[in-house]
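A look at the structure
Chain by chain, the residues run as shown.
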Amino acid sequence: MPLEILKHNFRKTLYLGIFLFLAFFTTVPASAATYKISLLTCDPGDELYSTFGHSAIRIVELESGQDLVFNYGTFDFNTPFFYIKFIRRTLDYQLSLTTTANFLREYNYFKRNVREQELNLSPEQSQAIVAFLQNNYQPENRKYRYDFFFDNCATRITDMIESVLGQSLKWNYPAESDEKTFRNLIDEYVYPLPWSDLGIDLALGAVIDREATEAEKAFLPDYLEASFGRATIIGDGPERPLVSRTNTIYDFPKTADNQVNLFNPYVVFWVFAILVGILTFIGFKKKRLFKGFDISLFTILGLLGVLLVFLWFFTAHSQTKNNWNLFWAFPGHLYISYLLIKKPNKAILKKLLLAAMILADLALVIWLLGFQSFHPSILPLLLIVILRTNFLYYNIDRFSYFRKRN
């Protein structure tokens, strides 16, 4: 969806939410109303921003028929320095309010399935949830600092239901379940988008390679839906399921995608590695170093390293810390490029090449020992770094360019 349309829809939703808030919550006191409350779970979409699906809360006021959705997954495009704040994780998300028909329009347009779990709440519990959301929607409370794993549209709903039901809620987590790290969990969703999968794996550090608990898995809407399906309510009579009924709102037929896209990082990087191997062999035979190629290679790797350093030390993202991709995409590679462009100090250059070779080897060790899971497609890149640093280190004194200029 184009950015301007998203901006327009956000403003329209915001104004509509304010009107509905005033109309709905001031005309019918919470203590006098009867509500049907549901969890909406929306399937993933084709774009990266929709890859992981979505969760929201639907509230129907039975007497008036007012049908609204509370959505924790919105943000204001008009925020000053929007993109800078988005990258640094200083952009606030917020709770928005809209009609159910307006909320579902986007999912119908993009053919994304939507399911509804009606909650088996007492009138008092329903009113407590409405009061909770009413308080959250106050202008001073509706904004929050988004965190993909620990504070998002799904975890906010978990926090709400736990806050309202307290000890009456039993999640009934399975005694045995698949052990999955946070990286494994997101890989389940981004696997069909190989370049996005690579980018996410490059940006996120070793902190997401720990096993997620059953409770933590519910940061993903599908897992939250499953958690609601297992949960029960106790303490106010016989134990009963949290979900009384599941409704399918949209169930679009799946479209078969039999196309094989060869333009993916696995194929591209291995082909690139083979070509670099051939180039290195030719250089060895002809006693040439191909300076331009190495300048380009180390410049790209160095710039990637600068980006990783920025994400680690200069943003508020907790998941970009301890990123050991820096061992092979190292900012110091930029100095190697600089020395290759200028008349090189061979002693310094050889030390830098040796350091780059050792760091790339350490990256392999870190990967093999499980300290951090790297994206599989970077293996040929690691081999390229090791090959070229090794080739330059042992031949700068013998082959053309360096011999002629010194």
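Residues numbered from 1 in each chain as written. Predicted model: local features only at pLDDT ≥ 70, side-chain atom pairs only at ≥ 80, totals over all residues. Heavy atoms only, no water.

1. So, the sheet that holds strand 10 (residues 243–250)
Which entries qualify depends on this criterion: Here, any two strands with at least 2 DSSP bridges between them count as paired. Runs of H or I in DSSP of at least four residues are treated as helices and runs of E of at least two as strands, each being numbered from the N terminus. Axes here mean lines fitted to C-alpha atoms, for a helix over just the part in contact, with angles spanning 0 to 180 degrees between N-to-C directions. In what follows, residue pairs with any heavy atoms lying within 4.5 Å of each other are defined as contacts.
Spatial ordering of the open sheet is given by 6-4-3-2-1-5-10, a layout of 7 strands whose pairing is antiparallel. In this open sheet, the two edge strands, each paired with only one partner strand, are strand 6 (143–145) and strand 10. Adjacent strand axes in the sheet meet at a mean angle of 25° when their direction is disregarded. Contacts between helix 5 (residues 153–165) and the sheet are confined to strand 1 (35–42), strand 2 (54–61), strand 3 (66–75), strand 5 (114–119) and strand 6, with strand 2 contributing the most and set at about 50° to the helix.

2. Some points on the pattern of salt bridges
Pairs can form between side chains of opposite charge whenever their charged atoms are close. For clarity, the threshold we go by: Any carboxyl oxygen of Asp or Glu that lies within 4 Å of a side-chain nitrogen of Lys or Arg is treated as forming a salt bridge with it. Buried, partly exposed and exposed residues are distinguished by accessible area as a fraction of the type maximum, computed with a 1.4 Å probe on protein chains only: under 20%, between the cut-offs, and over 50%, respectively.
Applying the stated criterion to the full structure yields 17 salt bridges. Between R145 and D92 there is a salt bridge; the shortest N-O distance is 2.7 Å. Here R145, found in strand 6, pairs with D92, found in strand 4 (residues 92–99); they are 53 residues apart in sequence, far enough to count as distant. Classification of D92 as partly exposed rests on a relative accessible area of 28%. A single network of salt bridges, built from pairs that share partners, joins D43, R115, D222 and E225.

3. Thoughts on the packing of aromatic side chains
Each aromatic ring pair is specified by the distance between its two centres and by the angle formed by the two planes. Under the convention used in this document: Under the pairing criterion, centres of Phe, Tyr and Trp rings, with the six-membered ring standing for Trp, must be within 6.5 Å; the plane angle then separates stacked pairs below 30 degrees from edge-to-face pairs above 60, leaving the rest tilted.
Going through the model one piece at a time under the given rule, you end up with 27 aromatic pairs. Here the aromatic rings of F149 and F182 are separated by 5.1 Å at their centres, their planes lie at 80°, and the arrangement is edge-to-face. Residue F149 is located in the loop between strand 6 and helix 5, and its partner F182 is located in helix 6 (residues 182–190); the two are separated by 33 residues in the primary sequence. Each member of the pair, F149 as well as F182, carries the same accessibility label: buried. Measuring from ring centre to ring centre gives 5.8 Å for Y335 and Y338, while their planes differ by 10°; the resulting arrangement is stacked. Placement of the pair is Y335 and Y338 together in helix 11 (residues 333–341), with a separation of 3 residues, close to one helical turn. Taking the relative accessible area as the measure of exposure, Y335 reaches 39% and is therefore partly exposed. Judged by relative accessible area, which is 44%, Y338 ranks as partly exposed.

4. Description of the pairing of strand 5
Among the 6 residues of strand 5, 6 are classified as buried, and the element is accordingly described as predominantly covered. Pairing between strand 1 and strand 5: 5 bridges, direction antiparallel. Its bridge partner being in strand 5, T41 is matched across the sheet by R115. Alignment of strand 5 against strand 10, held across 6 bridges, turns out to be antiparallel. Bridge pairing in strand 10 links V114 to Y250.

5. Comments concerning the nonpolar core
Applied cut-off: Here, the term nonpolar core denotes a set of buried Ala, Val, Leu, Ile, Met, Phe, Trp, Tyr and Cys residues that are joined through side-chain atoms within 4.5 Å.
Judged by nonpolar contacts, the single largest core of 35 residues is most densely connected at I37, I57, F228 and L242. When residues in this core are grouped by element, the largest group, 6 residues, is from helix 5. Excluding residues within four positions of it along the chain, I57 makes contact with I37, S38, L39, L68, V69, F70, L133, I157 and M160. Among the nonpolar cores identified, the runner-up in size contains 24 residues, and L297, L308, A363 and V385 belong to it.

6. Points about the confidence of the model for the protein chain
We apply this condition: The predictor's confidence in any single residue is recorded as pLDDT, a number from 0 to 100.
Averaged over every residue, the pLDDT of the protein chain is 88; residues scoring 70 or more account for 86%. Confidence drops under pLDDT 50 across residues 1–10; counting only partners more than four residues distant or on other chains, this segment forms 13 contacts.

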